[in-house]
There are 2 protein chains.
Amino acid sequence: MPTHNPFTNPAPRGHLDGDFLREEVVLANRNHGALLEALRHDVTPAGLHYLLNHFDVPYVPDAAAWRLAVGGNVITPLSLSVAQIKALPQRTLRVTLECAGNGRGQVTPRWPSMPWMAEAVGTSDWTGTPLKSVLEMAGMQPDTADIAFTGIDRGFDKGDEHAYGRSLTPGLALSDDVLLVTAMNGQPLLPQHGFPLRLIVPGWYGMASVKWLDRIEALTRPYQGYQQVKTYMFKARPEDRGVPITTIRVKSLMVPPGMPDWYTRQRLVEAGPVMVFGRAWSGNGVPIAKVEVSVNGVWSAARLDAPSGRYAWRGWTFDWVATKGEFVVACRAMDAEGATQPLDVPFDRGGFGNNAVQRVQVTVR
Amino acid sequence: MPTHNPFTNPAPRGHLDGDFLREEVVLANRNHGALLEALRHDVTPAGLHYLLNHFDVPYVPDAAAWRLAVGGNVITPLSLSVAQIKALPQRTLRVTLECAGNGRGQVTPRWPSMPWMAEAVGTSDWTGTPLKSVLEMAGMQPDTADIAFTGIDRGFDKGDEHAYGRSLTPGLALSDDVLLVTAMNGQPLLPQHGFPLRLIVPGWYGMASVKWLDRIEALTRPYQGYQQVKTYMFKARPEDRGVPITTIRVKSLMVPPGMPDWYTRQRLVEAGPVMVFGRAWSGNGVPIAKVEVSVNGVWSAARLDAPSGRYAWRGWTFDWVATKGEFVVACRAMDAEGATQPLDVPFDRGGFGNNAVQRVQVTVR
């Protein structure tokens, strides 16, 4: 028997500096980011939206057999087919989702997990039934304190076996904007995005939007699932209780200008007028107020495109007259509540919530 | 000025052992593999097919303006719209594509590039016009020795600026099975798969299937493009001229049984009957003759599903009665020409063509 076994006695992990472990690369090959040039698209095309799945993508050959159980502290337990859920009034919302671990690969020291650099983001038109409609059909008991959402994807993390689950407070769950989603960009959900049914919680980091949703349970006490209380917590020190990760922090990204070098991904730009452009977003429906672009440390205001939805990223453009030489181009956003992206990467033990400014190395010829 | 600049004076790269460089992780975040559980699907769903793009995915907002130029050593130079190409008789072929660098991350020592482990594969139904029809319309001059295919994706590699291009011999180009493709699984090509027009060369590693194809040029001498002569060559020693990489080597992969541990991706399986299953394929239209599964080093024959097309992977299944303990499960395929997967990873300087058997660590409880 090996000394360590991930199911019964996982090997301890420690923080890292510098090079990356094989396990991190395996996760990077499985999960994938938006290619930064895909930020050109208002709605991220299929296959270019970021993807972070903790366990295997479940295989669901027969969506007609799918049932969503609604139970626990409710007046009327329900078992609903996807067709029954879709028969309720539908809404479509354009929502930008970002992984809470986006940018982890830039945090020093680095927690060994999915080593995102900057690309764990995407925007889709999600169509579904407001969760509220289904919760009202079941009827929450008045002493309901938390509502748990569980998918069928199952596995281990740090020796803990569980199906992926998260919870929402009743107040948030009963908002109009949390959806039980069956379609993405007008198409049925792809297997890897939660087919046939998932939750979308706009304005929150992606971990809240449970995929392959098959169970909703009203609870009289706070949900204690692994993905709610053992991870997705901001922690500065090992002994910290942790601050639960919730809504998305303000961020912006640019489409790297010019053309790339295959290996370093550095950019070559022709001298002359260059339009630098990208997207900016914040969480919880807070609008973007300002985007600035820096060329070698000199910041200037970018132009904002019209908003494209309360929960969707906002386009921006900046005219740069590029002259021959070496440059670092950066962008940063501020939201309507005054939150601004930091210049330096914020430390978090799990590498969560890194919203530092993006810097792109550019050679102009 | 920095000493090294990827565009004029690239830093030398050397082979690596052990941990992975940041550049390798950035490439792994950009490019993505099929999740191994997606091998369940006969046809890989959108977004789960492997993706390897050297440069940026081009943005093509207006496919109606696209023109394919056919020129060089031809009788009648052509400039064809996508609609004109689609108006010619169409074929649909089910084709398994694999990246020539698949498995590079397991080669020791390792060339720093996209660090695939095993997942750079996918199968699609590709619909298009036989290339032959367009070449015959233009008319190849009799002394044509090579035909070059160039996309609009452009960038640098080792200081060499080029648009991605590859060539085919006239004999291969005039076969019925090489297609000018406009649709993948009955849908328009996705941007990252070559919208609006790409080549598909069945039976060859993916580098031959040029995306965003805008130029075909008949040549009287062998094409000397970077992607044809400076890379995609098997080399054992630095001084080797290299052997051009062409058709896909025999390979098999299994869907890892049971459920995963998030970080290590090791598997937990319940004791009892377990169906182990996966896919096997070879190159150049050579059928799969046999698949075997090994449990802790004891090899047994798997059952082959019916073939699903000359160029498509073939399903296989194996009944395993799992007993409590630690196991390594492996699979290997042999093709109809007797080529068999090696047990050990073959060394190649660029990490190309690694078709060693896949081994999966499984704990049975």
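Draft legend 1. Representation of the overall build of chain A. Tallying secondary structure elements over chain A gives five helices and 22 strands in all. Its C-alpha atoms put chain A at 70 × 55 × 40 Å along the principal axes. In chain A, once contacts between residues fewer than 6 apart in sequence are set aside, the share between residues at least 24 apart is 71%.

Draft legend 2. Structural view of the relation of the copies chain A and chain B. Expressed as a screw operation, the relation of chain A to chain B combines 0.0 Å of axial shift with a rotation of 180°, fitting to an RMSD of 0.0 Å. As the rotation angle and translation indicate, the two copies are arranged about a two-fold axis. Scanning chain A for the C-alpha nearest the rotation axis identifies A:Gly47, at a separation of 1.7 Å. Looking at the interface residues of chain A, 100% of them are also at the interface in chain B, so both copies use one shared face.

Draft legend 3. Here's a closer look at the interface of chain A and chain B. Counting residues at the interface gives 54 residues for chain A and 54 residues for chain B. Broken down by secondary-structure element, the contributors of at least two residues to the side of chain A that touches chain B are helix H1 (22–30), strand E5 (146–157) and strand E14 (259–260) of chain A. For the side of chain A that touches chain B, the element with the highest residue contribution is H1(A), accounting for seven residues. Across the side of chain A that touches chain B, the residue classes break down as 28 nonpolar, 13 polar and 13 charged.

Draft legend 4. Representation of the sheet that holds strand E14 (residues 259–260) of chain B. Residue and element names in this part refer to chain B. On the basis of which strands lie adjacent, the open sheet formed by six strands has the order E14-E15-E22-E21-E17-E18 and mixed pairing. Both edges of this open sheet fall to E14 and strand E18 (298–301), since each of them pairs with a single strand only. Where E14 lies against strand E15 (residues 267–269), two bridges are found, and the strand directions are antiparallel. Along E15, the bridge assignment pairs Pro 260 with Arg 267.

Draft legend 5. Structural context of the domain arrangement of chain A. All names here are of chain A. Split by domain assignment, chain A resolves into domain 1 (22–244) and domain 2 (251–364). Taking the mean C-alpha position of each, domain 1 and domain 2 sit 27 Å from one another. On the domain 2 side, the residues contacting the 30 residues of domain 1 number 25 residues. Going through the elements one at a time, strand E3 (91–98) and strand E4 (121–130) are the ones with two or more residues in the side of domain 1 that touches domain 2. With four residues, E3 is the largest single contributor of residues to the side of domain 1 that touches domain 2. Here the side of domain 1 that touches domain 2 is composed, by residue class, of 14 nonpolar, nine polar and seven charged.

Draft legend 6. Spotlight on the sheet that holds strand E13 (residues 251–254) of chain B. Residue and element names in this part refer to chain B. Taken in spatial order, the four strands make up an open sheet running E13-E16-E20-E19, and their pairing is antiparallel. Edge strands, defined here as strands with exactly one partner in the open sheet, are E13 and strand E19 (303–304). One ladder, built from nine bridges, connects strand E16 (residues 272–281) with strand E20 (residues 314–322); its direction is antiparallel. By the bridge assignment for E20, Phe 277 is matched with Thr 317.

Draft legend 7. Up close: the packing of H1(A) against helix H1 (residues 22–30) of chain B. Where H1(A) contacts H1(B), the two axes come as close as 7 Å, and the packing angle between them is 25°. As judged from the angle between their axes, H1(A) and H1(B) are roughly parallel. For the element pair H1(A) and H1(B), the recorded crossing hand is left-handed. Counted together, A:Glu24, A:Val25, A:Ala28 and A:Asn29 of H1(A) and B:Glu24, B:Val25, B:Ala28 and B:Asn29 of H1(B) form the full contact between these two elements. Looking at the contact of H1(A) with H1(B), its residues break down into four nonpolar, two polar and two charged.

Draft legend 8. Spotlight on H1(A). The element H1(A) is extensively covered by neighbouring structure, given that seven of its nine residues are classed as buried. Those residues of H1(A) not exposed but buried are A:Glu24, A:Val25, A:Val26, A:Leu27, A:Ala28, A:Asn29 and A:Arg30. Elements that come into contact with the buried residues of H1(A) comprise H1 of chain B.

Draft legend 9. Quick peek at the confidence of the model for chain A. Mean pLDDT for chain A: 97, with 99% of residues reaching 70 or above. Reported confidences for the modelled complex are a pTM of 0.97 and an ipTM of 0.97.

Draft legend 10. A look at the pairing of E13(B). Residue and element names in this part refer to chain B. Residues Lys 251 and Leu 253 line one face of E13 and the alternating positions Ser 252 and Met 254 line the opposite face, and both faces are buried. Bridging between E13 and E16 involves four bridges; their strand directions are antiparallel. Opposite Ser 252, over in E16, you have Ala 280 as the bridge partner.

Draft legend 11. Structural detail: unusual backbone geometry. Cis geometry is found at the peptide bond from A:Phe195 to A:Pro196, where omega equals 10°. Cis geometry is adopted by the peptide bond preceding B:Pro109, which originates at B:Thr108 and carries an omega value of -15°. The phi torsion at B:Lys158 lies on the positive side, around 50°, for a residue other than glycine. Inspection of the secondary structure assignment puts B:Lys158 in the loop between strand E5 (146–157) and strand E6 (160–168). One non-glycine residue with positive phi stands out, namely B:Asn284, at about 60°. Relative to the assigned elements, B:Asn284 resides in the loop between E16 and strand E17 (288–295).

Draft legend 12. Molecular detail of the environment of B:Pro130. All names here are of chain B. With respect to the secondary-structure elements, Pro 130 resides in strand E4 (residues 121–130). Judged by the 20 C-beta atoms lying within 10 Å of it, Pro 130 falls in the buried class. Expressed as a C-alpha distance, the spacing of Pro 130 and Pro 89, which sit 41 residues apart in the sequence, is 7.9 Å. If near-sequence neighbours (up to four positions away) are discounted, Pro 130 is found in contact with Arg 91, Asp 176, Val 178 and Leu 179.

Draft legend 13. Region of the structure containing helix H3 (residues 131–138) of chain A. Taken as a whole, H3(A) has its buried residues at A:Leu131, A:Leu135 and A:Ala138. Mapping the buried residues of H3(A) onto a view down its axis gives an arc of 60°, with all of them on the same face.

Draft legend 14. Broad picture of the environment of A:Asp319. All names here are of chain A. Take Asp 319: it is sitting in strand E20 (residues 314–322). The class for Asp 319 is partly exposed, based on 13 C-beta atoms found within 10 Å. Excluding residues that lie within four positions of it along the chain, Asp 319 makes contacts with Pro 273 and Met 275.

Draft legend 15. Representation of the pairing of strand E10 (residues 213–219) of chain A within the structure. Residues and elements named next belong to chain A. Relative to E10, strand E1 (residues 67–72) runs parallel, the two sharing four bridges. Bridge assignment links Gly 72 to a residue of E10, and that residue is Ala 218. Summarising the sheet, E5 and E10 pair through six bridges and their orientation is antiparallel. Along E10, the bridge assignment pairs Ala 148 with Glu 217.

Draft legend 16. Structural context of the environment of B:Leu343. All names here are of chain B. Tracing the sequence through the fold places Leu 343 in the loop between strand E21 (325–335) and strand E22 (358–364). On the basis of neighbour count, Leu 343 is assigned to the exposed category, with 12 C-beta atoms found within 10 Å. Taking the C-alpha atoms as reference, Leu 343 lies 18 Å from Gly 278; in sequence the two are 65 residues apart. The residues contacting Leu 343, other than those within four sequence positions of it, are Ala 356 and Val 357.

What counts, and where the lines are drawn
- Residues numbered from 1 in each chain as written.
- Chains lettered and ligands numbered in written order.
- Predicted model: local features only at pLDDT ≥ 70, side-chain atom pairs only at ≥ 80, totals over all residues.
- Helix = DSSP H or I, 4+ residues; strand = E, 2+ residues; numbered from the N terminus.
- Contact = placed C-beta atoms within 7 Å.
- Least-squares fit on C-alpha atoms with pLDDT ≥ 70 in both.
- Nonpolar A, V, L, I, M, F, W, Y, C, P; charged D, E, K, R; others polar.
- Pairing = 2+ DSSP bridges.
- Domains from an automatic or database assignment.
- Axes fitted to C-alpha atoms, helices over the stretch in contact; angles between N-to-C directions.
- Parallel < 35°, antiparallel > 145°, perpendicular 65-115°, else oblique.
- Left-handed = near helix turned anticlockwise from the far one by under 90°.
- Buried ≥ 20, exposed ≤ 12 C-beta atoms within 10 Å, placed from the backbone.
- pLDDT = per-residue confidence, 0-100.
- Arc of directions from axis to C-beta.

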